[in-house]
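Spelled out from the first residue to the last, the chains are:
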Amino acid sequence: MQKKDCFFVGKIVKKYSFKGELLVKLDTDEPQQFLEMESVFVYKHKNLIPFFIETLSLHKSSLLRIKFEEVDSEADADSLMGSELYLPLDFLPKLSGNQFYYHEIIAYQVDDLKFGPLGTITGVNDATAQHLLEINYQGTEVLIPISDDIIKKVDRNSKKILIEAPEGLIELYL
C-alpha cells in the first residue's frame, strides 16, 4: 500500500495510559465514522505499516482513544508519538451532490456561469483559512474559494464543476 492510495485519518498526539493507549487528533467533522475500524496504517520511516486495533473510543468528542495490538507499554506508545494514520481510499464514504473530496476533483474542468470554460483543477490549497481551488487557465494560476455560494454543480460523470465566481475575481488573474 502506498500513501497516494490512502487518505489521512489523523495524527497521534498524546499517550493516554501507561498500557500503550494513544490519543489521535482526527482530521474530520464526523469522528464517529472511525469507530468501526479494525486496522489502520501508521506512517513511520517513510512506510505505511499496518496496525491492528484492540479497542477504540471517542475521547472528549474530538479525539480518538486507540489501543493497538502489541503496543502494551509506555515505551511502545512513545515510539508511535507524532505518527500519522491512514486508511485506503476505498474506505471513504461515497459523497453525492456538490460534496467532494479534494483528491477526487484534481483534473476536473471548471466552468464559470459568466466567464465560460476556466481551466483544469491542478490542486487544492487547504493551508489557508479559506480553502482554494487551484485552476490552470492557459498557463496562469487562478484561485477560486471553495464555498457553497460559489460552487453551483459538481458533475462526476463529465468531471466538471460549475461555479459562479464573485464579480471581478477571475479578471484579477487575467
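Colleague: Break down the overall build of the protein for me, citing the residues and quoting the values.
Modeller: Tallying secondary structure elements over the protein gives 2 helices and 12 strands in all. Ordering the α and β elements of the protein from the N terminus gives β-β-β-β-β-α-β-β-β-β-β-β-β-α. Here the C-alpha coordinates of the protein stretch approximately 60 × 30 × 25 Å along the principal axes. A buried classification covers 39% of the 174 residues belonging to the protein. In the protein, 52% of the contacts between residues at least 6 apart in sequence involve partners at least 24 apart. Accessible surface, the protein: about 10,500 Å² in total, of which carbon and sulfur atoms supply 49%. The average position of the 19 basic charges and that of the 28 acidic charges among the side chains of the protein differ by 3 Å.

Colleague: Can you explain the environment of H59? Please cite residues and give values.
Modeller: With respect to the helices and strands, H59 occurs in strand 4 (residues 47-59). Not counting the four nearest positions on each side in its chain, H59 is found in contact with Y16, L23 and R65.

Colleague: Describe the sheet that holds strand 10 (residues 140-145), listing the residues and the values that go with them.
Modeller: The sheet built from 6 strands is open, its strands ordered 10-9-8-7-12-11 with mixed pairing. The sheet is open, and its two borders are formed by strand 10 and strand 11 (151-155), each paired with just one other strand. Between one strand axis and the next, the sheet turns by 35 degrees as a mean value, whatever way the strands run. Alignment of strand 8 (residues 116-125) against strand 9 (residues 132-137), held across 5 bridges, turns out to be antiparallel. Within the sheet, the bridge partner assigned to N125 lies in strand 9 and is L132.

Colleague: Help me get a handle on the nonpolar core, residues and values and all.
Modeller: Of all hydrophobic cores here, the largest spans 22 residues; its most connected members are F68, L80 and L85. Sorting the residues of this core by element identifies strand 1 (6-15), strand 2 (22-26), strand 3 (39-44), strand 4, strand 5 (63-68) and strand 6 (84-88) as the ones contributing at least two each. Non-local contacts of L85, meaning those with residues more than four positions away in its chain, are made with F7, F8, V9, G10, I12, V24, V40, F41, V42 and F68. Membership of the second largest hydrophobic core comes to 21 residues, among which are F100, I105, I135 and I161.

Colleague: Tell me about the side chain of K67, residues and numbers included.
Modeller: Checked against the element boundaries, K67 lands in strand 5. Residue K67 is classed as buried on the basis of its relative accessible area, which comes to 7%. Looking at K67, its side chain comes within polar contact range of the main-chain oxygen of V71, at 2.6 Å. A polar side-chain atom of K67 sits 2.9 Å from a polar atom in the side chain of D72.

Colleague: Describe the pattern of salt bridges, and please don't skip the residues or the numbers.
Modeller: For the coordinates displayed, the defined rule picks out 11 salt bridges. One salt bridge connects K4 with D5, and the closest N-O pair in it is separated by 3.3 Å. Owing to a relative accessible area of 62%, K4 belongs among the exposed residues under this scheme. By relative accessible area, which is 32% here, D5 ends up partly exposed.

What counts and what doesn't
Residues numbered from 1 in each chain as written. Predicted model: local features only at pLDDT ≥ 70, side-chain atom pairs only at ≥ 80, totals over all residues. Heavy atoms only, no water. Helix = DSSP H or I, 4+ residues; strand = E, 2+ residues; numbered from the N terminus. Buried < 20%, exposed > 50% of the residue type's maximum accessible area, 1.4 Å probe, protein only. Contact = heavy atoms within 4.5 Å. Areas by Shrake-Rupley, 256 points an atom, 1.4 Å probe, with all protein chains shown as cover. Lys, Arg positive; Asp, Glu negative; His and termini not counted. Charge placed at Lys NZ, Arg CZ, Asp CG, Glu CD. Pairing = 2+ DSSP bridges. Axes fitted to C-alpha atoms, helices over the stretch in contact; angles between N-to-C directions. Core = buried A, V, L, I, M, F, W, Y, C linked by side-chain atoms within 4.5 Å. Polar contact = N/O pair within 3.5 Å; in protein donor to acceptor, adjacent residues only side chain to side chain. Salt bridge = Lys/Arg side-chain N within 4 Å of Asp/Glu carboxyl O.

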